There are 2 protein chains.
Amino acid sequence: MAHAYEFARPALTVDIVVFALDEEDLQVMLIERDLKPFEGQWALPGGFVRVDETLEEAARRELEEETGLKDIYLEQLYTFGDIKRDPRERVVTVTYYALVNLEGHDVQASTDARNAAWFSMNDLPKLAFDHKTILRAAHERLRGKVRYQPIGFELLPEKFTLRQMQHLYEVILDRELDKRNFRKKVLGMEIVKETKEIEKDVAHRAARLYRFDKRRYDKLTKQGFNFEI
Amino acid sequence: MAHAYEFARPALTVDIVVFALDEEDLQVMLIERDLKPFEGQWALPGGFVRVDETLEEAARRELEEETGLKDIYLEQLYTFGDIKRDPRERVVTVTYYALVNLEGHDVQASTDARNAAWFSMNDLPKLAFDHKTILRAAHERLRGKVRYQPIGFELLPEKFTLRQMQHLYEVILDRELDKRNFRKKVLGMEIVKETKEIEKDVAHRAARLYRFDKRRYDKLTKQGFNFEI
DNA sequence: CATAATAGTGTCGATAGGACACTAAGTGAC
DNA sequence: GTCACTTAGTGTCCTATCGACACTATTATG
């Protein structure tokens, strides 16, 4: 590592892929750009990293500024550094992905964005910059990680039915799962705890609600248990 | 993402964790710093990213400049951006890890480094900056990845014995494996090809040499096969 | 030719995973 | 209040995989 740094510096940004789940699909949060370049196009929320904040702080700040979302699960994804990925100048972006549950968080557009909205992963608009590539990488990472780490619960409400949980995995992994085998496996792992409540306002038999038992998960993990769906 | 960027910019570097394997341990390449800060201490090879090169290009350039290593397996690891990780100024570093086989590559120190040398992962010197943290992250990533992707072969010579291959996994995973089960599994996957050669210059029965059959691996992968050790 | 070192090989039992179909319970319409 | 509809909830069996486990074969060396 050289002592002096006389050369021009690449600019540094963060961009965030926020995933959520509705009844149908995996959704992603996009903002409509208010400024050039790509003015009026949809893009991932993000912005420049300040010199006095960490990368994760920058990601959380930009996310709140542009979408109102805060206090959510956030994890670093990858750093993209192609030379021409931004037409203005050299910009390197550190990307994060976030998981939120739609019931717990309201969304509103603000600074730098005309508008912020959820889009289905199956029906995406044209995206600014190389954000399509970033989104694809985030989706792959989520698909890979969700099977070995209990991060899927971040996409569910605090109390959820096993049907909702199965649906989550079906959507992310993009294949159907067998109900009996799924339940056998999940209940067998003993990391979800039955509550005394059941679903409300459904036009059929109501299902039992469960919650993720993080305490128990941590304890089992220390004993060598490995989560896997 | 803002249009203008009037604020001070963090500096951007790359750092590389180069792994290799000897008869005993997993080894890592370190350089002795020739400049302040941490002058005379051991550190990961790395340096500033230029505005006209991608991140991976920067990593390969620095690696060759500082250690003479080139044309090796390289993969992005993580981006570290703590505010005080460099005492001089704000520096964000994009880290990579590399895998090399000791027989195929010579090492020599050069620019910015007094010296470059291999160290056993079990006997590391004090490291500059937050390089200990980076190294730990690289080791974990390698441990996680080696079981599901055939990257371990990058650490072996082109032709290797099954004993060497088993040893590789034992060292990285840090546990003993059963010889018969290991062979059954590896040979059953049909991704290593027997050569007509055997070991030379050993004071006992010589073992058959195998090579990784990448063609076959790619073909099987397309058919849904999943590598796993 | 005896010794020492490592190569190379197969079985069996336990376990986990996948395929598979019916009954139970609650809602809403009549 | 009963019938139709919808989703909840449950168990078995088969197969494949994984892990535990010990001996013979081959070559080099003294």
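Residues numbered from 1 in each chain as written. Chains lettered and ligands numbered in written order. Predicted model: local features only at pLDDT ≥ 70, side-chain atom pairs only at ≥ 80, totals over all residues. Heavy atoms only, no water.

In the annotation of an unreviewed UniProt entry, chain A is listed under the name Bifunctional NMN adenylyltransferase/Nudix hydrolase and assigned to Adhaeretor mobilis. The annotation that UniProt attaches to chain A under Sequence similarities (unreviewed entry) is "Belongs to the Nudix hydrolase family." (UniProt positions renumbered as here; feature names shortened; annotations may be inferred.)

Caption draft 1: Seen up close, the protein's contact with DNA strand D. What surrounds DNA strand D is a group of 19 residues, the closest being Lys179(A), Arg180(A), Arg183(A), Asn181(B) and Arg205(B). Lys184(A) is positioned such that a nitrogen or oxygen atom in its side chain is 3.2 Å from a base oxygen of DNA strand D. One nitrogen or oxygen atom from the side chain of His204(A) is found 3.5 Å from a sugar or linking oxygen belonging to DNA strand D. Among the secondary structure elements, those contributing two or more residues to the surface near DNA strand D are helix H4 (179–189) of chain A together with helix H4 (179–189) of chain B. Tallying contributions element by element places H4(A) first for the surface near DNA strand D, with five residues. Partitioning the surface near DNA strand D into residue classes produces three nonpolar, four polar and 12 charged. (Near = heavy atom within 4 Å. Polar contact = N/O pair within 3.5 Å; in protein donor to acceptor, adjacent residues only side chain to side chain. Helix = DSSP H or I, 4+ residues; strand = E, 2+ residues; numbered from the N terminus. Nonpolar A, V, L, I, M, F, W, Y, C, P; charged D, E, K, R; others polar.)

Caption draft 2: How the structure looks around the nonpolar core. Core analysis: the biggest nonpolar cluster contains 44 residues, and Val17(A), Phe19(A), Met165(A), Tyr169(A) and Ile191(A) have the highest contact counts within it. Within the residue set of this core, elements represented by two or more residues are strand E1 (11–21), strand E2 (26–33), strand E5 (73–80), strand E6 (91–99), helix H2 (131–145), helix H3 (162–173), H4 and helix H5 (214–222) of chain A. With seven residues, H3(A) is the single largest residue contributor to this core. When residues of this core are assigned to domains, at least three map to each of domain 1 (11–145) and domain 2 (158–222) of chain A. Discounting chain neighbours no more than four positions away, the residues touching Met165(A) are Phe153(A), Leu156(A), Phe160(A), Phe182(A), Val186(A) and Val192(A). Ile72(A), Tyr96(A), Leu12(B) and Ile72(B) belong to the second-largest nonpolar core, a separate cluster that totals 42 residues. (Core = buried A, V, L, I, M, F, W, Y, C linked by side-chain atoms within 4.5 Å. Buried < 20%, exposed > 50% of the residue type's maximum accessible area, 1.4 Å probe, protein only. Domains from an automatic or database assignment. Contact = heavy atoms within 4.5 Å.)

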